[in-house]
Amino acid sequence: MSDTLATGTARTDRERVLGRRRERVGPGGDPMAPAPATPDPDAPDSPDGSGAQPGRDGPPPGDGVVLDCGWGRLVFGQTFTEQAAVAAVLRSEAAGARDICIYLRDPHVLVSRLPDELFIDPSLTYRLRLPAPPAAADERDGLPGLRIRTLRDADDADAVNRIYARNGMVTAPVDVLVDNARTDRFLHLVAEDAAGDVVGTITGVDHVAVFADPDNGASLWCLTVDFNTAPPGTGQALLTELAARLTARGRAFVDLSVLAENTGAIRLYERLGFYRTATLCVKRKNPINERLFLPAAPKGYDRLNPYAKIVADEAMRRGIRVEVTDPEWGELRLSNGGRTIVTRESLSELTSAVAMSRCDDKRVTRRILTEAGLSVPAGRTATGDDADVAFLAEVGRVVVKPARGEQGNGITVGVRTPEALTAAVALARNFCPDVLIEQMRDGEDLRVIVIDHEVVAAAVRRPAQVTGDGVHDVAELIERQSRRRAAATGGESRIPVDDMTREVVAEAGYELHDVLPEGTVLAVRRTANLHTGGTIHDVTGELHPAIAEACVAASRALDIPVTGLDLLVSAPDGPEHVFIEANERPGLANHEPQPTAERFVDLLFPGTRAPQRLWTPAGAASSQA
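Residues numbered from 1 in each chain as written. Predicted model: local features only at pLDDT ≥ 70, side-chain atom pairs only at ≥ 80, totals over all residues. Heavy atoms only, no water.

A few words now on helix 16 (residues 474-488). End to end, helix 16 covers 21 Å across 15 residues, agreeing with the expected 21 Å (1.5 Å per residue, within 8%). For helix 16, the full list of buried residues reads V474, L477, I478, Q481, S482, R484, R485 and A486. Between the side-chain oxygen of the N-cap and the backbone nitrogen of A475 there are 3.2 Å, and the N-cap of helix 16 in question is D473. (Helix = DSSP H or I, 4+ residues; strand = E, 2+ residues; numbered from the N terminus. Expected span 1.5 Å × (residues − 1). Buried < 20%, exposed > 50% of the residue type's maximum accessible area, 1.4 Å probe, protein only. Polar contact = N/O pair within 3.5 Å; in protein donor to acceptor, adjacent residues only side chain to side chain.)

Further remarks concern the sheet that holds strand 16 (residues 331-336). Spatially, the 4 strands line up as an open sheet ordered 15-16-17-18, and their pairing is antiparallel. The outermost strands of the open sheet, each flanked by one partner alone, are strand 15 (321-326) and strand 18 (347-348). Relative to strand 17 (residues 339-344), strand 16 is paired through 6 bridges, and the arrangement is antiparallel. From the neighbouring strand, L334 faces strand 17, where its bridge partner is I341. (Pairing = 2+ DSSP bridges.)

For soluble globular proteins, nonpolar side chains are generally found buried alongside one another. The biggest cluster of nonpolar side chains holds 30 residues, and the ones touching the most others in it are L220, V254, V258 and F274. Every element with two or more residues in this core is listed here: strand 7 (123-129), strand 9 (186-192), strand 10 (198-206), strand 11 (217-225), helix 8 (234-248), strand 12 (253-259) and helix 9 (263-271). Considering each element in turn, this core owes the most residues, 6 residues, to helix 8. In contact with F274, other than residues within four places in its own chain, are Y126, R127, L128, L220, L239, V254, L256 and Y269. If you look at the next biggest cluster of nonpolar residues, it comprises 29 residues, including C69, F76, A181 and V205. (Core = buried A, V, L, I, M, F, W, Y, C linked by side-chain atoms within 4.5 Å. Contact = heavy atoms within 4.5 Å.)

With their axes 10 Å apart at the nearest point, helix 13 (residues 362-371) and helix 18 (residues 545-558) run at an angle of 115° to one another. Considering their axes alone, helix 13 and helix 18 lie roughly perpendicular with respect to each other. Like other packed secondary-structure pairs, helix 13 and helix 18 cross with a definite hand, here right-handed. Within the contact between the two elements, helix 13 uses T365, I368 and L369 and helix 18 uses A554, A557 and L558. (Axes fitted to C-alpha atoms, helices over the stretch in contact; angles between N-to-C directions. Parallel < 35°, antiparallel > 145°, perpendicular 65-115°, else oblique. Left-handed = near helix turned anticlockwise from the far one by under 90°.)

Turning to the environment of V190, a few remarks are in order. Among the secondary structure elements, V190 is positioned in strand 9. Separated by 39 residues in sequence, V190 and L151 place their C-alpha atoms 5.9 Å apart. Setting aside residues no more than four positions away along its own chain, V190 makes contact with R147, I148, R149, T150, L151, V160, V198, G200, T201 and L238.

The next point concerns the sheet that holds strand 19 (residues 379-381). Ordered in space as 19-22-20-21, the 4 strands form an open sheet in which the pairing is antiparallel. Looking at the sheet topology across the chains shown, the edges are occupied by strand 19 and strand 21 (412-415). Strand after strand, the sheet turns through a mean of 20° between neighbouring axes, direction not considered. Bridge analysis of strand 20 (residues 398-402) against strand 22 (residues 435-439) gives 5 bridges, and the strand direction is antiparallel. The partner of V399 across the bridge, within strand 22, is E438.

Spelled out as structure tokens, the structure:
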């Protein structure tokens, strides 16, 4: 072993051979790839890479190319002549980033010398020869209403980061994403739906533009979509569009790295013509990568639902011991030092039984909030007599719900007639003998998460809806969207095709067998419950101060450290609101990219600190650690 490798020091200010320029420095002092040298018109063409091994005839000795992607750096191993220099670069990884070394010759040798610091990523590398096979190229025109374009500005970059965060990926500084997209080194594409929202993203790296790659190659990274809103096939559309653009540049191939356990993605890549190569990636052992190099997750971890798993993940990132005591129940035992706390998703021993009971019975919640001077809709406990009908006549429309219950069970919305009222009360009593009748108020369904009496996240919840493509009928669209919601939530969210769904579709003038016109958005449920296919949209940065103050007052009145407050609002950025109910066990995973799990674990273990983020969403609460 050389002295340099043993000590971890390396020349970081050496002259670059290509163009004799010094290494550029990016955000946080991270090195960035130099801009490509001006091509010499008299120089011979680069080889097309046919049958060549990456990096064997790469840049001149002494050069080492590192590309700042925002979420971390790509370290092109074939451009380094000494493994010591690669080790030094990986050791300089910024906090909160994920650096990746790819195309390094004999990566196992480097890892064997630094086993406590580096590891071989458990991923597989796949390659697509360009131009793509006809089977892949033919997929470019398959999604009505979806537009693939380049990332343009900070709003696009912010939307991309939100998708990254929702899918458990490392985020990136907005300015780095925008600056990168404006260079020829990157092909950063986004998928935009008919409403103009960014619902997917992919990043292509042109190796020729980065370091005059003699193999004439490229690679793709961070292919992901918003599983709440992206139509099926969005990822495939992004991938094939990127392949087409790289083909137009004359590239010979594009590589990607995929976790070996991601069998669904691998099947898609192979169907599109990708094939396995022997390339391995090297990463640094850091808190972000722990799941990739630790010997095993806690027993029962893989059976946790997303709401318990997000808590376990955050705890493990901080070095807190996690024991899964009941995976079906979502129960964990968390230990750090001499402190041990049992949780069930976002419910912990810090929530008293009294506070929990105040949220459990909606009538008690209403009374406490009213006594605290907070606004709730007019309401009464159903008695089954003329007083119920008189209340309906007084307010016009009502919502009927079990006094105790969750996940939208037994709730009827928009009751207008005495006959419908009788039926709704009977339905609710199937779930709880006590039934609450409330005046129906118009507005958006807002969920606000309050942790330690501080607003951490706010999101508008919308009923399940489908978007027509002019090909599939309503039933098929519902079934496809239901599968997508189930996949995105670990089976927690599905759209039932029941009497309510049929009624809502019929009220819009359609039947389940009708083909919905392209671009037509059809709501298929009355309520915005996430368990029946509803979607959630972050509005934390827009929340009006009056609503935030009222939510904090509500949490203090209920004397509960963690709660999800449901309100109806005219708009999240306006002051008008009424409280509907309080949940003692809100789903924290529904509110990414807001740091709900981080603030929850801050509450449980205030002496620990969350790993650093490279991007923070608008309105995010800061850590108190």
